[in-house]
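# Remarks on the overall topology
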Amino acid sequence: MTVGASGSAITRGPVRPEPGAGALGADLGPDPGTDPGPDQGPGFGPGFGIDPDDLPDGLVVADETGRVICFNAAAARITAVAAADAVGSPLERALPLEDLEGRRWWALTDPYGGLLTRFGQPERNLLLPGGREVLVSARYVRAHPQGPVRRLVISIRGTEARRRTERSHAELIATVAHELRSPLTSVKGFTATLLAKWERFTDDQKRLMLETVDADANRVTRLIAELLDISRIDSGRLEVRRQPVDIGTAVGRHIQSITASGQSPDRFLVRIQQPLPDLWADPDKIDQILGNLLENAVRHGAGTVTIEVAPAQVKHVDHGHAEHTHADGGATGTAVTVSDEGPGIPEESMARVFTRFWRGSKRGGTGLGLYIVKGIVEAHGGTITVGRGPGGGAQFRFILPVGAPAYLK
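Owing to the predicted nature of the structure, the values given are computational and were not obtained by experimental measurement. (Residues numbered from 1 in each chain as written. Predicted model: local features only at pLDDT ≥ 70, side-chain atom pairs only at ≥ 80, totals over all residues. Heavy atoms only, no water.)

## Some words on the overall build of the protein
This is how it is decided: Helix numbers and strand numbers start at the N terminus; a helix is a DSSP run of H or I with at least 4 residues, a strand a run of E with at least 2. Residue exposure (1.4 Å probe, protein chains only): buried if accessible area is under 20% of the type maximum, exposed if over 50%, otherwise partly exposed. Any two residues whose heavy atoms approach within 4.5 Å at even a single point are treated as in contact.
Across its full length, the protein carries 9 helices and 14 strands. Taking all 409 residues of the protein together, the buried fraction comes to 42%. Looking at the protein alone, contacts between residues at least 24 apart form 62% of all its contacts between residues at least 6 apart.

## Some details on the nonpolar core
Counted only if it meets this: In plain words, nonpolar cores are sets of buried Ala, Val, Leu, Ile, Met, Phe, Trp, Tyr and Cys residues tied together by side-chain atoms within 4.5 Å.
Ranked by size, the top nonpolar core spans 43 residues in total, and within it Ile 307, Phe 396 and Phe 398 carry the most contacts. Looking at this core element by element, the count peaks at 7 residues for helix H8 (residues 283-300). Those residues in contact with Phe 396, other than ones at most four positions away along the chain, are Leu 293, Asn 296, Val 336, Thr 337, Val 338, Ile 345, Val 353, Phe 354, Leu 370, Thr 385 and Val 386. Counting residues in hydrophobic clusters, the runner-up holds 26 residues, among them Ala 76, Leu 91, Trp 105 and Tyr 140.

## Let's talk about the sheet that holds strand S11 (residues 305-312)
Put simply, the rule reads: Pairing between strands is defined by DSSP: at least two bridges between them are needed. As a rule, the C-alpha atoms of each element are fitted with a line to give its axis, helices using only the stretch in contact, and angles between N-to-C directions run from 0 to 180 degrees.
Sheet architecture is open: 5 strands sit in the order S9-S11-S12-S14-S13, paired in mixed fashion. The sheet is open, and its two edges are formed by strand S9 (268-272) and strand S13 (383-388), each paired on a single side. In this sheet, neighbouring strand axes are inclined to one another by 15° on average, regardless of whether the strands run parallel or antiparallel. Note that S9 and S11 share 5 bridges and pair parallel. Its bridge partner lying in S11, Ile 272 is registered against Val 309. Helix H7 (residues 247-260) contacts S9, S11 and strand S12 (333-339) of the sheet and is inclined by roughly 175° relative to S9. Packed onto the sheet, H8 meets S9, S11, S12 and strand S14 (394-401) and runs at close to 170° relative to S14.

## Overview of the sheet that holds strand S5 (residues 120-127)
The 5 strands lie next to each other as S4-S3-S7-S6-S5, forming an open sheet whose pairing is antiparallel. Strands at the two margins of the open sheet, each flanked by one partner only, are strand S4 (68-71) and S5. Strand-to-strand twist of the sheet, defined as the mean angle between neighbouring strand axes without regard to direction, takes the value 20°. As judged from the 6 bridges shared by S5 and strand S6 (residues 133-142), these two strands associate in the antiparallel manner. Its bridge partner being in S6, Leu 127 is matched across the sheet by Glu 133.

## A word on the packing of helix H6 (residues 203-235) against helix H9 (residues 369-379)
The condition is simple: Angular relationships are summarised with four words: roughly parallel below 35 degrees, roughly antiparallel beyond 145, roughly perpendicular across 65 to 115, and oblique for the angles in between. In a left-handed crossing the near helix is turned counterclockwise from the far helix by less than a right angle, and in a right-handed crossing that turn is clockwise. Residue polarity is assigned by list, with Asp, Glu, Lys and Arg as charged and Ala, Val, Leu, Ile, Met, Phe, Trp, Tyr, Cys and Pro as nonpolar; anything else, Gly included, falls into the polar class.
Axis separation between H6 and H9 bottoms out at 10 Å; the angle between their running directions is 45°. Classed by the angle they form, the pair H6 and H9 counts as oblique. Every pair of crossing elements has a handedness; the one defined by H6 and H9 is left-handed. On H9, the residues touching Glu 226, Asp 229, Ile 230, Ile 233 and Asp 234 of H6 are Tyr 371, Ile 372, Gly 375 and Ile 376. Along the lines of polarity and charge, the residues of the contact of H6 with H9 split into 5 nonpolar, 1 polar and 3 charged.

## Some thoughts on the packing of aromatic side chains
Rule in force here: Centres within 6.5 Å are what make two rings of Phe, Tyr or Trp a pair, Trp counting through its six-membered ring; a difference in plane orientation under 30 degrees is then read as stacked, over 60 as edge-to-face, and the rest as tilted.
With the rule as written, the count across this model stands at 1 aromatic pair. Pairing Phe 354 with Phe 396 gives two aromatic rings, centres 6.1 Å apart and planes at 80°, and the pair type is edge-to-face. Taken together, the residues span a long stretch of sequence, with Phe 354 in the loop between S12 and H9 and Phe 396 in strand S14 at a distance of 42 residues. The exposure class of Phe 354 is buried, given its relative accessible area of 12%. Here Phe 396 falls in the buried class, since its relative accessible area comes to 2%.

## Considering the pattern of salt bridges
What counts here: Any Lys or Arg side-chain nitrogen found within 4 Å of a carboxyl oxygen on Asp or Glu counts as a salt bridge.
According to the stated counting rule, one finds 12 salt bridges in the structure shown. Two residues, Asp 287 and Arg 253, come together in a salt bridge whose shortest N-O distance is 2.9 Å. With Asp 287 in helix H8 and Arg 253 in helix H7, this residue pair connects regions lying 34 residues apart in the sequence. Relative accessible area serves as the criterion here: at 22%, Asp 287 is assigned to the partly exposed category. Here Glu 295 and Arg 299 are joined by a salt bridge, their closest N and O atoms 2.9 Å apart.

## Regarding the pairing of S6
Of all the 10 residues making up S6, 9 are buried; the element is thus mostly covered by neighbouring parts of the structure. The turn linking S5 back onto S6 is made up of 5 residues, and Gly 130 within it adopts a positive phi angle of 95°. Alignment of S6 against strand S7 (residues 149-158), held across 9 bridges, turns out to be antiparallel. Looking at S7, one finds that Val 136 is bridged to Ile 156. In textbook terms, the turn of a hairpin is the stretch between consecutive antiparallel strands, and for S6 and S7 this stretch comprises 6 residues, one of which, Gln 146, has a positive phi near 65°.

## Quick notes on the pairing of strand S3 (residues 58-62)
Burial analysis of S3 places 5 of its 5 residues in the buried class, the great majority of the element. Pairing between S3 and S7: 5 bridges, direction antiparallel. Across the sheet, the residue bridging to Ala 62 is Leu 152, located in S7. Relative to S4, S3 runs antiparallel, the two being bridged by 3 bridges. Bridge pairing in S4 links Val 61 to Cys 70. Linking S3 to S4, which pair antiparallel, is a turn of 5 residues; within it Gly 66 sits at a positive phi near 85°.

Laid out in structure tokens, this is it:
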């Protein structure tokens, strides 16, 4: 065993994984008295050359006597114990873990003296001295099935990432509960009133109540659709069903819908640069993008809302793949820009615009729309950016590649 430059212990010797041991079950050191071959480099085995300090998670390895032989840099950072102090110490002293009920973990699990059929401990929350919580899993490496423990390999991770995920989920649940409560209360109230006192209302009053119920039901339906979209985006399962899309017609249709609900037609200015390349995209999802961006401009912006559609002389970003352009250097997609003349988005907030629950003002909304827009654009292989428009307001610009099916190319 040698000690690396960063202070972690590094063992030399061949790798002999135990059956079913997995990545953490590899033999990280030689048997006592084994002469390491001349070609054995530091790390996990010949040819790998992996230093334990290269691992993102904490790695602690104890030998057959329970003394620490490896304590990498991540373990030192997470536990606040210096590697030089840990290496050579008994495991219980170097890594004094307790469960959430305050019981000493190594005495409780007894890895060296417990059942010979056990092969490890699943990941669980444990406590370091001072009450700091960490995620710990362990693998028992045995010389042979049901033999004595030859190596104890422990993985340690901080809980910060999990806590962030849990907070995000809690925020999502709280937001959904809040957004659902209002329309469902309205639906329940109006339907109960109509059922109990139907004969007392005029036809106009009944129509008004039913229209309110219908609008609130649509709001609930939209929120559920947003939640499903978020689930698909987060899991990478958002499907794009490409068809020919006339983006100019789609923009006109959305503006007509907005003006029908009371907005002045004079508030919108549309510029379409012809000819546009043939765009193959998912029509329903393009409607979602346009609907969210236009609603955002109307609700949070001011003045004239300008929508520009033009060919895009840009690189096609297929997320996770190399950027490329057409061989002839022509337009590779369509760019749509939506801008308003309102107060705009503060510079310090622009990096958070496309995150969950971001709201530019207190004028309602779930804060999920722009997060979904970004997910849909990227599912098409496109990009979306936010900046300040010519009129001083917010400007959103998304670019979609042509995306023609392979059989048309």
